[in-house]
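Residues per chain are reported as follows:
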Amino acid sequence: QVQKVESGGGSVQSGGSLRLSCEASVYTRSRSCMGWFRQAPGKEREGVAYIDSDGSTSVADSVKGRFTISKDNAKNTLYLQMNSLKPEDTAMYYCAAGPSASIQYCPRVLMDLWGQGTQVTVSS
């Protein structure tokens, strides 16, 4: 897998905001599905948001209305804007990419390119 680099994590109080960035390899293809995932200790990895090559997006119900996924193709960078953060959002967050697909299929895609993760901690 080609390395992707996440940044923007940190510690915030409940109700705060963070923006995560994922700067991908220049070899990452623009038509790939991309997404953000998170994993808390003792829990399974959860897909939270996806975006396809056309910019169409999908977010998990647990973050709908609070998180927004976007990308800048020129910078080859993926973003996750997180607002109204809750303690239950605390997790390691990973960016990922997979084969090209339209947005309805992106949640089914097996991602084959993963970042190393950035920690998000939300205190009450």
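Predicted model only: the values in this text are computed from it and were never measured.

A. Up close: the packing of aromatic side chains. Using the criterion set out here, one finds 3 aromatic pairs in the structure. Relative to Trp114, the ring of Phe37 lies with its centre 4.9 Å away and its plane at 55°, an arrangement referred to as tilted. With Phe37 in strand E4 (residues 32-39) and Trp114 in strand E10 (residues 113-114), the pair connects residues that are 77 residues apart, well separated along the chain. Taken as a pair, Phe37 and Trp114 share a single burial class, namely buried. For the ring pair Tyr94 and Trp114, a centre distance of 6.5 Å and an interplane angle of 75° mean the geometry is edge-to-face. Residue Tyr94 is located in strand E9 (residues 91-100), and its partner Trp114 is located in strand E10; the two are separated by 20 residues in the primary sequence. A relative accessible area of 17% places Trp114 in the buried class. By way of ring pairs, the aromatic residues Phe37, Tyr50, Tyr94 and Trp114 are connected into one cluster.

B. Inspection of the pattern of salt bridges at higher detail. A full pass over the atoms with the stated rule returns 4 salt bridges. Measuring nitrogen to oxygen at the nearest pair gives 2.7 Å for the salt bridge that ties Arg66 to Asp89. Pair noted here: Arg66 is in the loop between strand E6 (57-59) and strand E7 (67-72) and Asp89 is in the loop between strand E8 (77-82) and E9, with a separation of 23 residues, a long-range link. Taking relative accessible area as the criterion, Arg66 reaches 9% and is therefore assigned buried. A single network of salt bridges, built from pairs that share partners, joins Arg38, Glu46, Arg66 and Asp89.

The rules behind the values
Residue numbers here run from 1 along each chain, matching the order of that chain's written sequence. With the structure being a predicted model, the display of local features is reserved for residues of pLDDT at least 70 and the display and counting of side-chain atom pairs for 80 or more, all residues being used for whole-chain, interface and lining totals. To get the side-chain values, all heavy atoms of the structure are used, and hydrogens and water are removed first. Any two of the Phe, Tyr and Trp rings considered here, Trp counted by its six-membered ring, make a pair once their centres fall within 6.5 Å; the pair's planes then place it as stacked at under 30 degrees, edge-to-face at over 60, or tilted in between. Strands are runs of DSSP state E lasting at least 2 residues, helices are runs of H or I lasting at least 4, and numbering of each runs from the N terminus. Throughout this description, buried means an accessible area under 20% of the type-specific maximum (1.4 Å probe, protein chains only), exposed means over 50%, and partly exposed covers the range between. By definition, a salt bridge exists where a carboxyl oxygen of Asp or Glu is found within 4 Å of a side-chain nitrogen of Lys or Arg.

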